[in-house]
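# Structural features, examined
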Amino acid sequence: MKLNKKIVVIFTLSSFVVISSYIAGCSKQGPKPAATDPYSLVNEPLAGGINGTVNLATAEAFAQSIPPMLTADIINFKIGRSFFHTNWVTAPSSTEAVDGLGPIFNTSSCNSCHVEDGRGRTPFSDGEQLTSVLIRLSQPGQDAHGGPNPDPDLGLQFRNNAILRASPDGQVYVTYTSKIVTYPDGTTDTLRVPAYRFQNLRNGHPVNFMISPRIAPQLIGMGLLEAVSDETIVSFIDANANNQSGIKGKANYVWSVEKQTTVLGRFGWKASEPSVRQQVANALGTDIGITTPIYPSPSLYGLEQTLFGSLPNGSDSVGQPELPEPFFTNTVFYTKALAVPQRRNPSDPTIQQGKALFFKAACSGCHRPQMYTDFYPEMPLLSNQAIHPFTDLLLHDMGPDLADGRPDYLASGSEWRTAPLWGIGLISLVNNNNGMFLLHDGRARSIEEAILWHGGEALTSRNNFMKLSKADRAALIKFVNDL
């Protein structure tokens, strides 16, 4: 990457000290080197590339903007951040800019689930309702665009909160039982097996729907992942064609509301969203009940007719979005511009040993360590970057133990998008050391537990991991923890 810096401005906004540079031009960071190390990565410590990486390892590590942004972009980032942290209130309110909550919702702000842009958590007790774990639901069949078929009374997401005058869908809780896994060397580990129960469903609705628990993931690097071309992602399918590990992978193709056509999916636990913009709009609409330019009508599914005969006060059936332009685009920009933390100790000998074991165990078949972004006109600074997300953004069959039984476009009930691993070692710190809560539903409390849940296409990798000595397993985990 070659940078021609014309202007450098140093200023303070809120608690951030920002160095902003005007980038006159940028070029790709060069071809992959002819490496003597078969696992060599371009600029390995810079997980988000030269422009998308921040050197920070604190509780705020996921909440930083990509460093070399223009002053105007920093301002847009700060505006978007303010809406991300906004606690929305019931309309009508004296604070008109942030009213319109609900009428049914899961939480009142983005930050409630993605605290400091980090990961959600599972409940601390059986009696605590789900907060930053959502329940997607549907009935058998597909909608007009090939997506999940909404429940006629509950829609596509279970919402356990409501404003006054409205009633939530009900309550949902999770309990865990223990499952003991024994390694060939006799060492054991204990996994958590979740079971979900629903209570007090509105109007006595039966529990006759398919469910899919989804924990809120960390948000770093989403703009970088959007900047990877469709062709690059699809090429990973062909790359797996002749491997011996059983890893295949497939792309999900989903409905784009703005383009009104089917396109490649890349975001969400089943790659069911085509863009950051639609992902953010869907979260605002279903999680908080806030309408946007993409979804200008609230998601009610039977609530209007069942409870009111008309919409409750403060809800828009059609008309002006509650988060209009340009504030919606600012919020999307904020989500795209979150930087990826730099690797902490990639040259550590044990971590290097763990890296080699990671590759030899075929973990890299799905968790691909390197790819390049394409030209990205929406945020040119993210163009042509060598990035290390450790994902292929494809769907993989993860076996019956992780299956939710709920299809999502082309994703079957046992297929999940490969989760990016960058930043994984900082999750607990960002979560105020409350834990890691890995996998799609947060059941895994550690990297080791997450590996032990792998099945299906990842079964060979899991078995390879289990056959390692205890010291080698620790080295592999230490490598992943450094990402």
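## Considering the environment of F124
Relative to the helices and strands, F124 is located in the loop between helix 3 (110-113) and strand 5 (133-142). Exposure remark for F124: the relative accessible area of 52% places this residue in the exposed category. Each C-alpha atom, one on F124 and one on N434, is 9.7 Å from the other, the two residues being 310 residues apart in sequence. Apart from the residues lying within four places of it in its own chain, the contact partners of F124 are N434 and F437.

## Side note on the pattern of salt bridges
Here the structure, examined in full by the defined rule, presents 20 salt bridges. Across the pair R81 and E116 runs a salt bridge, and its minimum N-O distance is 4.0 Å. In this pair, R81 sits in helix 2 (residues 71-84) while E116 sits in the loop between helix 3 and strand 5, placing the two residues 35 residues apart along the sequence. Overall, the relative accessible area of 15% leaves R81 in the buried class. For E116, a relative accessible area of 22% gives the class partly exposed.

## Details of the packing of helix 2 against helix 8 (residues 327-336)
Where helix 2 meets helix 8, the axes come as close as 7 Å, and the angle between the chain directions of the two elements is 100°. Classified by the angle their axes make, helix 2 and helix 8 are roughly perpendicular. On helix 8, the residues touching D73, N76, F77, I79, G80, R81, F83 and F84 of helix 2 are F327, N330, T331, F333 and Y334.

## Focus on the packing of aromatic side chains
With the rule as written, the count across this model stands at 12 aromatic pairs. Consider the rings of F77 and Y334, whose centres lie 4.7 Å apart with planes at 50°: the pair is tilted. One end of the pair, F77, is in helix 2; the other, Y334, is in helix 8, and 257 residues separate them in sequence. Assessed through its relative accessible area of 2%, F77 is described here as buried. Its relative accessible area of 0% is what places Y334 among the buried residues. An aromatic cluster is defined as three or more aromatic residues linked by ring pairs; in this entry it consists of Y39, F358, F359, F390 and F479. Seen from the ring of Y176, R192 lies directly overhead, with NZ or CZ sitting 3.9 Å from the centre.

## Structural notes on the nonpolar core
Ranked by size, the top nonpolar core spans 110 residues in total, and within it F198, F358, I424, F465 and V480 carry the most contacts. If sequence neighbours within four positions are ignored, F465 has contacts with Y183, E448, I451, L452, R473, L476 and I477.

## Here's the deal with the confidence of the model for the protein
Across the protein, pLDDT averages 89, with 88% of residues at or above 70. Contacts for the low-pLDDT stretch residues 1-27, under 50 throughout, to residues beyond four places or in other chains number 64 contacts.

## Quick look at the packing of helix 9 (residues 349-360) against helix 13 (residues 470-481)
Two elements in contact, helix 9 and helix 13, have axes separated by 7 Å at closest approach and are oriented at 95°. Relative to helix 13, the element helix 9 is oriented roughly perpendicular. Touching T350, I351, Q353, G354, K355, L357 and F358 of helix 9 are D472, A475, L476, K478, F479 and V480, all from helix 13. Of the residues contributing to the contact of helix 9 with helix 13, the split by class is 7 nonpolar, 3 polar and 3 charged.

## Thoughts on the pairing of strand 12 (residues 252-256)
Consecutive residues of a regular strand have side chains that alternate between opposite faces of the sheet. Burial within strand 12 is extensive, with 4 of its 5 residues counted as buried. As paired strands, strand 12 and strand 13 (residues 261-265) are joined by 5 bridges and run antiparallel to one another. Pairing of S256 across the sheet is with T261, part of strand 13. In sequence, strand 12 turns back onto strand 13 through a hairpin of 4 residues, with Q260 there showing a positive phi of about 55°.

The rules behind these values
Residues numbered from 1 in each chain as written. Predicted model: local features only at pLDDT ≥ 70, side-chain atom pairs only at ≥ 80, totals over all residues. Heavy atoms only, no water. Helix = DSSP H or I, 4+ residues; strand = E, 2+ residues; numbered from the N terminus. Buried < 20%, exposed > 50% of the residue type's maximum accessible area, 1.4 Å probe, protein only. Contact = heavy atoms within 4.5 Å. Salt bridge = Lys/Arg side-chain N within 4 Å of Asp/Glu carboxyl O. Axes fitted to C-alpha atoms, helices over the stretch in contact; angles between N-to-C directions. Parallel < 35°, antiparallel > 145°, perpendicular 65-115°, else oblique. Phe/Tyr/Trp six-rings, centres within 6.5 Å; stacked < 30°, edge-to-face > 60°. Lys NZ or Arg CZ within 6 Å of the ring centre and 35° of its normal. Core = buried A, V, L, I, M, F, W, Y, C linked by side-chain atoms within 4.5 Å. pLDDT = per-residue confidence, 0-100. Nonpolar A, V, L, I, M, F, W, Y, C, P; charged D, E, K, R; others polar. Pairing = 2+ DSSP bridges.

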